[in-house]
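Each chain is listed here by its residues.
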Amino acid sequence: MRDDRVEGAEAAPIGLETERLLLRRPIRSDFEPMRQMFCDPQVVTHIGGSPLCRAEAWARFQRDVGHWTLEGFGQFTVLEKASGRYVGKLGHARFMRDLGARAETEVEMTWTLASGFHGQGYAAEAGRAALEWFDAHGARRTACIVAEANLASLKLAEKLGYREIDRLPGASGARVVLVREE
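Conventions used here
- Residues numbered from 1 in each chain as written.
- Predicted model: local features only at pLDDT ≥ 70, side-chain atom pairs only at ≥ 80, totals over all residues.
- Heavy atoms only, no water.
- Helix = DSSP H or I, 4+ residues; strand = E, 2+ residues; numbered from the N terminus.
- Buried < 20%, exposed > 50% of the residue type's maximum accessible area, 1.4 Å probe, protein only.
- Disulfide = S-S within 2.5 Å.
- Arc of directions from axis to C-beta.
- Contact = heavy atoms within 4.5 Å.

Q: How should the overall build of the protein be read in this particular structure?
A: Per the secondary structure count, the protein includes five helices and eight strands. Ordered by position from the N terminus, the helices and strands of the protein form the series β-β-α-α-α-β-β-β-α-β-α-β-β. Once the C-alpha set of the protein is aligned to its principal axes, its extents read approximately 40 × 35 × 30 Å. The burial tally for the protein puts 51% of its 182 residues in the buried class.

Dropping the structure here:
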């Protein structure tokens, strides 16, 4: 197994800034807006289909916080710079889930934005910043997995340089596996 960790948690940034967004490690006060995001049927349509209960949201939040310590990279909290509002979360992670034999990596890029921010280009803007940071700290092959019905996320993956390599069966339809080369 390859060691895909970013060398040392100290490499993880306190924050990244784009024209309209701030990206930083998640902190305790991000939990409630994250939980609310995962209760929105529009947000969870392609990621399980059901809103998360409080305990599930807390477990996901703890996973995101702890990932930075264990791996030196993780999911950024994304905030709108002008208003300070929680936009969502985006970044890289090692979830240890099946990406299929052709992915040749365990590191994924994922994104989830609150529905009020869909269609504004925020995911692409944040995604480019996260990829730039990730690449600067030891580029490697990464994957993402997207429900085939999630056309907006498939389009975003392509914008971020991901190309389809496989399709895996899923409970609610095929999941498209995409990779981005080093």
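Structure shown, so let's carry the discussion forward.
Q: Looking at this structure, how should I read the state of the cysteines?
A: Where two cysteines share a covalent bond between their sulfur atoms, that bond is called a disulfide. Summed over the entire model, instances satisfying the criterion amount to zero disulfides. No disulfide involves C53; its sulfur sits 8.7 Å from the nearest other cysteine sulfur, which is in C39.

Q: Please clarify how helix α5 (residues 151-159) should be interpreted in this entry.
A: Side chains three or four residues apart in an α-helix point the same way, a direct result of the helix having 3.6 residues per turn. Along α5, the residues that are buried comprise S153, L154, L156 and A157. Buried residues along α5 cover an arc of 160° about the axis, so they all sit on one side. Turned more than 90 degrees away from the buried face of α5, the exposed residues are L151, A152, K155, E158 and K159. Turning to α5, the residues buried within the fold contact β5 (107-113), α4 (122-136), β6 (142-147) and β8 (175-180). Backbone geometry just downstream of α5 places G161 in the positive-phi region, at approximately 95°.

Keep in mind that these numbers describe shape and distance, not what the molecule does.
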